[in-house]
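One letter stands for each residue in the lines below.
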Amino acid sequence: MRSAETRVSEPMGRLAGLQPRLGFLMVIFLGLGCGACERTTDTRLITLAGAGPQGRYFKEVSILSKVLTERMPEVISNGVIGKGMSVGNVKRVAAGRIDGGRCFRFDLENAYRREAHFAQKEPIVVDYDNAKVWMKLGTHLFRVVAVADIKRYSDLVGRSVVIGGRGTGEEVIAERIFKYFGVTRENTEFLYIERTDGQNALANRQIDAIAFAYSRNNRGHLSPIFAAREIGEEIDFVEPEQKGLEKLLASESAFVLDELGEPVFGRPSLRGIGFHQCLLVRGDLPDDLVYGMTKTLFENWDEVEESLPWWKEEGEADLESVAEMKPLPYHPGAERYYRERGVWDRW
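Draft legend 1. Seen up close, the packing of helix α10 (residues 287-299) against helix α12 (residues 332-341). The geometry of α10 relative to α12 is characterised by a closest axis approach of 7 Å and an angle of 45° between their N-to-C directions. Between α10 and α12, the angle falls in the class oblique. As α10 runs across α12, the sense of the crossing is right-handed. Within the contact between the two elements, α10 uses D287, D288, V290, Y291, T294, K295, F298 and E299 and α12 uses P332, G333, A334, R336, Y337, Y338 and E340. When its residues are assigned to classes, the contact of α10 with α12 shows seven nonpolar, two polar and six charged.

Draft legend 2. Seen up close, the nonpolar core. Membership of the largest hydrophobic core comes to 56 residues, with the highest contact counts inside it found for L108, W134, M135, W301, W311 and Y338. Ranked by residues supplied to this core, first place goes to α10 with six residues. In this view, M135 contacts C278, L279, L297, F298, W301, V322, Y330 and Y338; residues no more than four positions away in its chain are not counted.

Draft legend 3. Seen up close, the packing of aromatic side chains. In this structure the tally under the stated criterion is 19 aromatic pairs. Ring centres of F178 and F190 lie 6.1 Å apart, and the angle between their planes is 20°; this geometry places the pair in the stacked category. Placement of F178 in helix α6 (residues 169-178) and of F190 in strand β6 (residues 189-191) is noted, with a sequence separation of twelve residues between them. Taking relative accessible area as the criterion, F190 reaches 9% and is therefore assigned buried.

Draft legend 4. Molecular detail of empty space enclosed by the protein. Here the structure, examined in full by the defined rule, presents two cavities of 30 Å³ or more. Looking at the second largest cavity, its volume works out to about 50 Å³. If you list the elements that add at least two residues to the lining of the second largest cavity, you get α7 (195-203) and β7 (209-214). Residue classes in the lining of the second largest cavity are distributed as five nonpolar, three polar and two charged.

About the thresholds
Residues numbered from 1 in each chain as written. Predicted model: local features only at pLDDT ≥ 70, side-chain atom pairs only at ≥ 80, totals over all residues. Heavy atoms only, no water. Axes fitted to C-alpha atoms, helices over the stretch in contact; angles between N-to-C directions. Helix = DSSP H or I, 4+ residues; strand = E, 2+ residues; numbered from the N terminus. Parallel < 35°, antiparallel > 145°, perpendicular 65-115°, else oblique. Left-handed = near helix turned anticlockwise from the far one by under 90°. Contact = heavy atoms within 4.5 Å. Nonpolar A, V, L, I, M, F, W, Y, C, P; charged D, E, K, R; others polar. Core = buried A, V, L, I, M, F, W, Y, C linked by side-chain atoms within 4.5 Å. Buried < 20%, exposed > 50% of the residue type's maximum accessible area, 1.4 Å probe, protein only. Phe/Tyr/Trp six-rings, centres within 6.5 Å; stacked < 30°, edge-to-face > 60°. 1 Å grid on protein atoms, 1.4 Å probe; cavity = no way out; pocket = protein on both sides within 12 Å on 5 of 7 lines; lining within 4 Å. Points joined across faces, edges and corners; volume = space filled by probe spheres on them.

Printed below as a string of structure tokens:
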């Protein structure tokens, strides 16, 4: 039974006066049929944020929401656009404006430390400790693509390198990683250009390199470059040298060594840097609710993967790796389920 203290997330709260119509639209959109007619006024509204409407992340949270809505009579869940993606999702989950969302591990660590995008003046406006890990998802990759004479990260010194728009997560990632290889804004020409423009500039030889993050083997993130020139001829992936890599991995818990390469681009032995993604959930959601949501998803994981085939790839989301975000704090309801399934103590 929904208590008086239960909070409805902001996007759905605005529609509180349209609940009958909303329920009708949800039936049509999710194709739930008459099963949705069994819902009562005690239904809990849950919003899960991904990223932009055209990408994988929005589809992922939409599929998770579909499964929750179909399998849990007491829940209606919506996948929503994640404004500001990782940073924005952390802020909105912590503030209770959405119930869950995708984020990168280093952003969550920064939020707990009140650093970078999450620095706040007193009094504290947002309680970032309210953003709890729900489950670890896949591994995002940091890649450098450069002209042929750049063989390692330290070769970027003195060259022109696009690292994403100013103030974006990509800028933060690049500067955080490059410092371990002696590459800084003082000795390198960092260019704060959005991804597509940066790729076109490299393809046209207006710059020397681009540095950015993307999902494994996702051609869509690199298509402007490789449509112009074949990888390995005039431009190529750049590997981090061992000394700087060891320093990075010893100092930064958010980053991992990626050795799965880029088979789609003909570089199966490429070594690089990865960082984990996760789903967050509001810490003030009831334990039993989050336990039930977690249980429901993993009891129907085959259905989830059927709609999200890239999750079947090595290193992507599965029950065996969900607790890999430890020692970051998990929601107690999720932790309870992982302990029951015997995967909590593996990490």
